[in-house]
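A closer look at the structure
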Amino acid sequence: MQWLHTGSKTGYSDIHLPRYDGEKLSRIREKIKIVFGGESSMDDVALSKRYNITSDGELILILK
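All of the points below concern the structure found in this document. Small disclaimer: the values here were computed from a predicted structure and weren't measured.

Digging into the overall build of the chain
When helices and strands are tallied, the chain shows two helices and two strands. Helices and strands in the chain line up, N terminus first, as α-α-β-β. The proportion of buried residues among the 64 residues of the chain is 16%. For the chain, the share of sequence-separated contacts (at least 6 apart) that also reach a separation of at least 24 residues comes to 25%. Looking at the chain as shown, the accessible area adds up to about 5300 Å², and 53% of this sits on carbon and sulfur atoms.

Section: the environment of Phe36
Position of Phe36 relative to the elements: it lies in helix α1 (residues 22-36). Ignoring any residue separated from it by four or fewer positions in sequence, one finds Phe36 in contact with Tyr51 and Leu59.

Focus on the pattern of salt bridges
For the structure on display, the rule yields three salt bridges. A salt bridge links Lys33 to Glu39; the nearest nitrogen and oxygen atoms lie 3.4 Å apart. Residue class for Glu39 comes out exposed when judged on its relative accessible area of 67%. One network of salt bridges, in which partners are shared, links Glu30, Lys33 and Glu39.

A closer look at the nonpolar core
Judged by nonpolar contacts, Leu25, Ile28, Ile32, Leu47, Tyr51 and Ile53 together constitute the single largest core of six residues. Broken down by secondary-structure element, the contributors of at least two residues to this core are α1 and β1 (51-53). If one sorts the elements of this core by residue count, α1 sits on top with three residues. Once residues lying within four places of it in the same chain are set aside, the contact partners of Ile32 are Gly37, Gly38, Ser40, Leu47, Tyr51 and Leu59.

How each quantity is defined
- Residues numbered from 1 in each chain as written.
- Predicted model: local features only at pLDDT ≥ 70, side-chain atom pairs only at ≥ 80, totals over all residues.
- Heavy atoms only, no water.
- Helix = DSSP H or I, 4+ residues; strand = E, 2+ residues; numbered from the N terminus.
- Buried < 20%, exposed > 50% of the residue type's maximum accessible area, 1.4 Å probe, protein only.
- Contact = heavy atoms within 4.5 Å.
- Areas by Shrake-Rupley, 256 points an atom, 1.4 Å probe, with all protein chains shown as cover.
- Salt bridge = Lys/Arg side-chain N within 4 Å of Asp/Glu carboxyl O.
- Core = buried A, V, L, I, M, F, W, Y, C linked by side-chain atoms within 4.5 Å.

What follows is the structure, given as structure tokens:
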């Protein structure tokens, strides 16, 4: 299956890669470590779809 977040370097169609906020992802990963007691093995794409963090530092789990 072709991933939606692939670039032209892989031979797939030229799809623009979304920019992920590295600082926000780091804060989410740190909060996951605190809340769940372990590190997340999710990549940035999956992590940003599943979790968010408030300005107060509260972790938000996005359920679909």
